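Descriptive structure summary
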Amino acid sequence: MSEPDPNYSVNVRDFSLWYGDFQALKNVSLNLRDGIITSLIGPSGCGKTTLLRSFNRINERYGNVTTSGEITILEKNILDADVSLPELRKSVGMVFQRPNPLPVSIYENIIFGLRIHSDRKDLRRSEMDEAVETALRQVRLWDDLKDKLKNRATSLQLEQQQKLCIARLLPLKPRIILMDEPCSALDVDGTRAVEELMVSLADDYTILIVTHNMAQARRVSQECIFMLLGEIIEHDRTEQIFLSPRNQKTTEYIEGRYG
Amino acid sequence: MFQETQHVKRKKRAERTAQGVFLGMTLCMVLPLIAVVGFLIYKASPVLSIDFIMDAPERGMRAGGIWPAFWGTVCLVFFSVIIAAPVGVLAAVYLHEYAPENWFTRMVNLAVFNLAGVPSIVHALFGLGAFVLFAGLGKSILAASLTLAIMTFPVIIESTKESLAAVPRSFREACWNVGATRWQTIRGVVLPNSTSGILTGIILEVCRAAGETAPIMFTGAVFFKAVQGGDVFAYGPMDQCMALSMHLHTISTQVPGVPEAIPFATAVVLLGTVLVVNATAIVLRVIIRTRKKW
Ligand SMILES: Nc1ncnc2c1ncn2[C@@H]1O[C@H](COP(=O)(O)OP(=O)(O)O)[C@@H](O)[C@H]1O
Ligand SMILES: [Mg+2]
């Protein structure tokens, strides 16, 4: 096993994944650089969501999944048998296509992760209040919501809901945030707001975002990965991918010849 | 411009006909119900009162009230629910949330599904063999409640599974992705959001159990038992008891010379009990629904 490079927070070596007999990922190898936004593009069904879910091993909840290869996160192969999944998922958070706040208050949504990971008696009120304020400030919702913390999270606007779903991850101090088409349910303003938020979070977290929107990939990401039929076709700096892709298939996809 | 063509006219006629037919069918269902209830209450009116429920029967069940039967039904249903509801709900949680997708799970699901359709007389015979004779409980409230429980719990499992399935996938995903275990997900999100459905299922089953005669006839219910009117300590778990459904059967077919109003009033009490329990279910559901919105 080669030493993982400290500049990378995720190293994937020869990773393959099967749903039953169907091979959804084929010998994927890639490195995600720490502290930047990487975007993942490709036609639907090519395995973007599957790859994303592999990084916190949530695929196992969706069906009969077998894997081979290696995914190293924070110097540990997360496919090893001794990996604690709750701890892994603390470090690797996920944001979904449709905002999915839980049907409880805003406050409870944000400390939900803390509650999951600590004994009831160890959680002090002041600690929780602080976690909520910090998380909401980081996603720029504090000023809007500080007087409404008892309100139901599901009654917020979609944009706020999506930011809340990001905020919900933060008290667990994740290293990596995975986002699966996080703006596809939002309008133009919502999209812009969430993109700005991603950029501001990029310094502190490694962000991997799946998107269908090429313009979005260009706006927010420094590196870009193009996938097709379970394989990585090209992984490069974003300008490189969009201005002079090396692979014919990438060119065709970017030019919109298939979607 | 914009005049009705022949085609549009035909469509409109079809639309009206369809609506009429559907309304008719709905009335076909509602009118008999109203007629039945109205008829029962009319026939029962001479004796119907609170005292009728609270008093013991007199003169060989030809006069007086129905307290022993009413209270017997309450006891039977109460015991059967505290047995069947926890078992059914927890089994359903296992089957829906934990069980791996394999042949064993499929077998169990199929068995539960089929058990829910077994006629109650079959459960009655099973109860007689298993609880009364084999387990040596004798004819008793306990044996009868166990029999009712066996009868109700597949249905409770089915309805609970449906309520669990109605909790959106995205709630579970939200939990999994912050590292919640299955149990934390169930405790924190799945159960709180399916309580109303689960309770409704249980309560509807309670109603069905309350009306059954066959399963209790062989296992714990008797024609007559001398009990003081209004005595809530009349029955212990090992006693036999009277029950509304069976009492109704007895006084309508076995005892000569019962005034007509008494069986009708008994039926009204049985129906009323079921309606009250149902109404509770609806109110509960509305209350819980308004507290959650998704
Ligand atoms: N739970 C699953 N069971 C079986 N096949 C799946 C499952 N999830 C996804 N797939 C299949 O894996 C492939 C990749 O899916 P996905 O990762 O969702 O693609 P994308 O997110 O790029 O649209 C698709 O062909 C899809 O049908
Ligand atoms: Mg997808």
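See the structure printed just above.
Description of the structure in this document.

The rules behind each value
- Counting of residues starts from 1 at the beginning of each chain's written sequence and follows it residue by residue.
- Naming scheme: in the order in which they are written, chains are lettered from A and ligands are numbered from 1.
- Predicted model: local features are reported for residues with pLDDT of at least 70 only, side-chain atom pairs are reported and counted for 80 or more only, and whole-chain, interface and lining totals are derived from all residues.
- Think of the side-chain values as coming from all heavy atoms in the structure, minus any hydrogens and water.
- The salt bridge criterion pairs a side-chain nitrogen of Lys or Arg with a carboxyl oxygen of Asp or Glu, the two atoms within 4 Å.
- When a residue's accessible area, from a 1.4 Å probe over protein chains only, is under 20% of the maximum for its type it is buried; when over 50% it is exposed; and in between it is partly exposed.
- Each helix corresponds to a stretch of at least 4 residues labelled H or I by DSSP, and each strand to a stretch of at least 2 residues labelled E; elements are numbered beginning at the N terminus.
- Contacts between residues were defined by any pair of non-hydrogen atoms, one from each residue, lying within 4.5 Å.
- The criterion for a residue being near a molecule or strand is simple. One of its heavy atoms has to lie within 4 Å of it.
- Identification of polar contacts relies on pairs of N or O atoms within 3.5 Å, with a donor-acceptor requirement for protein atoms, meaning one able to donate a hydrogen and the other able to accept it, and with residues adjacent in sequence counted only if both atoms are side-chain atoms.
- Just so you know the grouping, Ala, Val, Leu, Ile, Met, Phe, Trp, Tyr, Cys and Pro go in nonpolar, Asp, Glu, Lys and Arg go in charged, and all remaining residues, Gly too, go in polar.
- Here, any two strands with at least 2 DSSP bridges between them count as paired.
- A fitted line through C-alpha atoms serves as each axis, taken over the contacting stretch for helices, and the angle formed by two N-to-C directions is quoted from 0 to 180°.

**Description of the pattern of salt bridges**
Once their charged atoms are close, side chains differing in charge can pair, the charge on each being opposite to the other. Taken as a whole and assessed by the stated rule, the structure comprises 22 salt bridges over all chains. Among the ionic pairs, Lys76(A) bridges to Asp82(A), the shortest N-O distance being 3.2 Å. A relative accessible area of 59% means that Asp82(A) is categorised as exposed. Where Glu260(B) meets Lys43(B), a salt bridge forms, and the shortest distance between an N and an O atom there is 3.4 Å. Of this pair, Glu260(B) sits in the loop between α11 (244-253) and α12 (261-291) while Lys43(B) sits in helix α1 (residues 6-44), placing them 217 residues apart in sequence. Each of Lys76(A), Asp80(A) and Asp82(A) takes part in salt bridges that share partners, so that together they form one network.

**Looking at the environment of Trp71(B)**
All names here are of chain B. One can find tryptophan 71 in helix α3 (residues 67-98). On the basis of relative accessibility, which here comes to 19%, the residue tryptophan 71 falls in the buried class. Sequence-wise, tryptophan 71 and leucine 244 are 173 residues apart; in three dimensions their C-alpha atoms are separated by 8.5 Å. Non-local contacts of tryptophan 71, meaning those with residues more than four positions away in its chain, are made with Asp231, Val232 and Tyr235.

**Looking at the site of ligand 1**
Residue and element names in this part refer to chain A. Surveying the vicinity of ligand 1 reveals the residues Tyr19, Phe22, Ala24, Ser44, Gly45, Cys46, Gly47, Lys48, Thr49, Thr50 and Tyr62. Within the side chain of tyrosine 19, a nitrogen or oxygen atom sits 3.5 Å from a nitrogen atom of ligand 1. Residue tyrosine 62 places a main-chain N or O atom 3.3 Å away from a nitrogen atom belonging to ligand 1. Those elements that place two or more of their residues in the shell around ligand 1 are β2 (22-33) and α1 (48-54). The dominant element in the shell around ligand 1, judged by the number of residues it contributes, is α1, at three residues. Partitioning the shell around ligand 1 into residue classes produces five nonpolar, five polar and one charged.

**Observations concerning the sheet that holds strand β7 (residues 176-180) of chain A**
Residue and element names in this part refer to chain A. Sheet architecture is open: six strands sit in the order β6-β7-β8-β3-β9-β10, paired in mixed fashion. Pairing within the sheet leaves two strands with one partner each, and these edge strands are β6 (92-95) and β10 (231-237). When strand polarity is set aside, the average angle formed by the axes of neighbouring strands in this sheet is 20°. This element, helix α7 (residues 188-201), spans β3 (37-41), β7 and β8 (206-210) of the sheet and lies at about 150° to β8.

**A closer look at unusual backbone geometry**
Residue and element names in this part refer to chain A. Although it is not a glycine, aspartate 14 adopts a positive phi angle of roughly 50°. Looking at where aspartate 14 falls in the secondary structure, it is placed in strand β1 (residues 8-19). We classify aspartate 14 as partly exposed; its relative accessible area is 46%. Unlike most non-glycine residues, asparagine 27 shows phi in positive territory, near 45°. Note on placement: asparagine 27 falls in strand β2. By relative accessible area, which is 51% here, asparagine 27 ends up exposed.

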